[in-house]
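Coordinates in review
Letter by letter, the chains look like this.
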Amino acid sequence: MADFLGSILLHVVPFVLVLSLIVTIHELGHFLVARAFGVKVDQFSIGFGKRLWGRTDRHGIEWRVGWLPLGGYVKFSGDLDASSVPDQAGLAELKSRLIAEQGPGAERDYFHFKPIWQRALVVAAGPAANFLLAAVLFTIVFMWVGEQIAAPRVAQVTPGSPAAIAGFQPRDLILSIDGRPVTDASEVTRKIVLSADDPLDFVVRRGEDEVALTATPQRVIEQDAISGRVRIARIGLGLSPLGPEDFSYRRLNPVEAMGQGVTAIGDTLGTTLTYLGRIFAGRESGDLLSGPLGIAKAAGGVTQQALEGEGDAGLKTANLTLTLLQFAALVSIGIGFVNLLPIPVLDGGHLVFYAYEAVARRPVPAQVQETGFRVGLALLAGLMLFATWNDLQKQNLFAFLGGLAS
């Protein structure tokens, strides 16, 4: 029983806290922009299902918390469901009823009768809020830890690896990959991970000389303490500063920290797009994609690492806070990105419909919308099942689930 409660505290609590923060900010983005345009709102909910807590404010808006903390929604007045999906057959009837009950012009306070550009901004505000949250969290992290750059210095070469075959040697300093200069070891790692089976051209400084080397990353299976069993591209290099000249650090003011935060968001989105592009090109299997189970496992993993680190309780608390801030920023970027995918039922799907309406000067036909939403739900369910299957394939997660069940 103690082990069960420990697993709950370690994995579920951080996951729920992080996800609740991200969902709240996402929905607040929709809500605040909608209210700025005078849209009437019935409900603001964090979580789905039966209400655990709720109250109604003086504007008639019900603020509620559902028992299932895996999402949330803003329900605009006149919506037939919590997804703000317009029922085209009912819009004319709704408009007539509003005019009859409240007088001409009353419909202008309802979301589906707002101008297209306002509806589009309301929808886009959710993902935008996620990216803004990530920028704020990264800014806090960079102000806290400053800018740390570890030069891509080769500390070790695995015998028989692609790096060894290519001719890498300890103390080599990597200067560029495929003609692009690199200054930090993380840049090298990111490029290698996204280049399985693709030859990479390196230029390294060896003593006073510059040497050109070519190595092809190969997929290997690794047991990661946080992600579990993963297949990832490697070339067999260990990168680590070997002297003070290989490491630099500087404190950042708020403006510099925000700039670094925006850069981190760009790097994360670029890595995501590259990986997805390789999946569609058949160059990756997609087994690094994760769903809620994987995110919960990762939340527990980073929490455990922070708590098991060296130092007193104050230092561990600081490390845990810093770690969860970084984790929340990354998850927020992921949720913002996923919501912008052009899949009906997601924000990106709504934006596609609005783009059509703006060009064609008429809404998407009701039958097309209905079919689109059904296809979108199927695609979303398929993606969730695929990501969940990936999570279950990782040995650490099977052990985690077994521990909860025992």
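Here the structure is a predicted model, which means the values were calculated and not measured.

Counting across every chain of the model gives 14 salt bridges. In this structure, D197 and R219 form a salt bridge, with 2.9 Å as the shortest nitrogen-oxygen distance. You can see D197 sitting in the loop between α5 (185–193) and β7 (200–206) and its partner R219 sitting in strand β9 (residues 218–224), a full 22 residues away along the chain. What makes D197 partly exposed here is its relative accessible area of 45%. Close ionic contact of R374 with E370 constitutes a salt bridge, the shortest N to O distance being 2.8 Å. Of the two residues, R374 and E370 are both situated in helix α10 (residues 366–393); the distance of 4 residues between them amounts to about one turn of the helix. Given a relative accessible area of 42%, E370 falls into the partly exposed group. When salt bridges that share partners are traced, they join D197, D198, R219, R278, R283 and E284 into one network.

What follows concerns helix α9 (residues 347–360). Between its first and last C-alpha, α9 extends 20 Å over 14 residues, near the 20 Å set by a 1.5 Å rise per residue. All of the buried residues in α9 are D347, G348, G349, H350, F353, Y354 and E357. Immediately downstream of α9, the backbone of R361 shows phi near 60°, a positive value.

This part covers the sheet that holds strand β5 (residues 173–177). The sheet built from 4 strands is open, its strands ordered β6-β5-β7-β8 with antiparallel pairing. The open sheet is flanked by β6 (180–181) and β8 (209–215), the only strands paired with a single partner. Direction of pairing for β7 relative to β8: antiparallel, over a ladder of 7 bridges. By the bridge assignment for β8, R206 is matched with D209.

Moving on, we get to the side chain of S332. In this fold, S332 is placed in helix α8 (residues 313–339). Classification of S332 as buried rests on a relative accessible area of 0%. With near-sequence residues (within four places) excluded, S332 lies in contact with I22, N130, L133 and A134.

Let's shift gears to the packing of helix α3 (residues 116–145) against helix α6 (residues 254–280). The contact between α3 and α6 brings their axes to 8 Å, and the two run at 125°. Put simply, α3 runs oblique to α6. Regarding α3 and α6, the two cross each other, and that crossing is right-handed. Here α3 contributes F131, A134, A135, F138, T139, F142 and M143 to the contact with α6, which in turn contributes P254, A257, M258, Q260, G261, A264, I265 and L269. Residue classes in the contact of α3 with α6 are distributed as 12 nonpolar, 3 polar and no charged.

One pass over the full model with this rule turns up 9 aromatic pairs. Geometrically, the ring pair formed by F44 and W63 is tilted, given 4.8 Å between the ring centres and 35° between the ring planes. Placement of F44 in strand β1 (residues 41–56) and of W63 in strand β2 (residues 62–76) is noted, with a sequence separation of 19 residues between them. Looking at F44, the relative accessible area reads 4%, which means it is buried. Residue W63 is classed as partly exposed on the basis of its relative accessible area of 22%. Note on F138 and F142: the rings are 6.2 Å apart at their centroids and 35° apart in plane angle, and the pair reads as tilted. Of the two residues, F138 and F142 both sit in helix α3, 4 residues apart, roughly one turn of that helix. Taken individually, F138 and F142 each receive the classification buried, so the pair is uniform in this respect. Grouping aromatic residues by their ring pairs yields a cluster made of F31, F44 and W63.

Conventions we followed
- Residues numbered from 1 in each chain as written.
- Predicted model: local features only at pLDDT ≥ 70, side-chain atom pairs only at ≥ 80, totals over all residues.
- Heavy atoms only, no water.
- Salt bridge = Lys/Arg side-chain N within 4 Å of Asp/Glu carboxyl O.
- Helix = DSSP H or I, 4+ residues; strand = E, 2+ residues; numbered from the N terminus.
- Buried < 20%, exposed > 50% of the residue type's maximum accessible area, 1.4 Å probe, protein only.
- Expected span 1.5 Å × (residues − 1).
- Pairing = 2+ DSSP bridges.
- Contact = heavy atoms within 4.5 Å.
- Axes fitted to C-alpha atoms, helices over the stretch in contact; angles between N-to-C directions.
- Parallel < 35°, antiparallel > 145°, perpendicular 65-115°, else oblique.
- Left-handed = near helix turned anticlockwise from the far one by under 90°.
- Nonpolar A, V, L, I, M, F, W, Y, C, P; charged D, E, K, R; others polar.
- Phe/Tyr/Trp six-rings, centres within 6.5 Å; stacked < 30°, edge-to-face > 60°.

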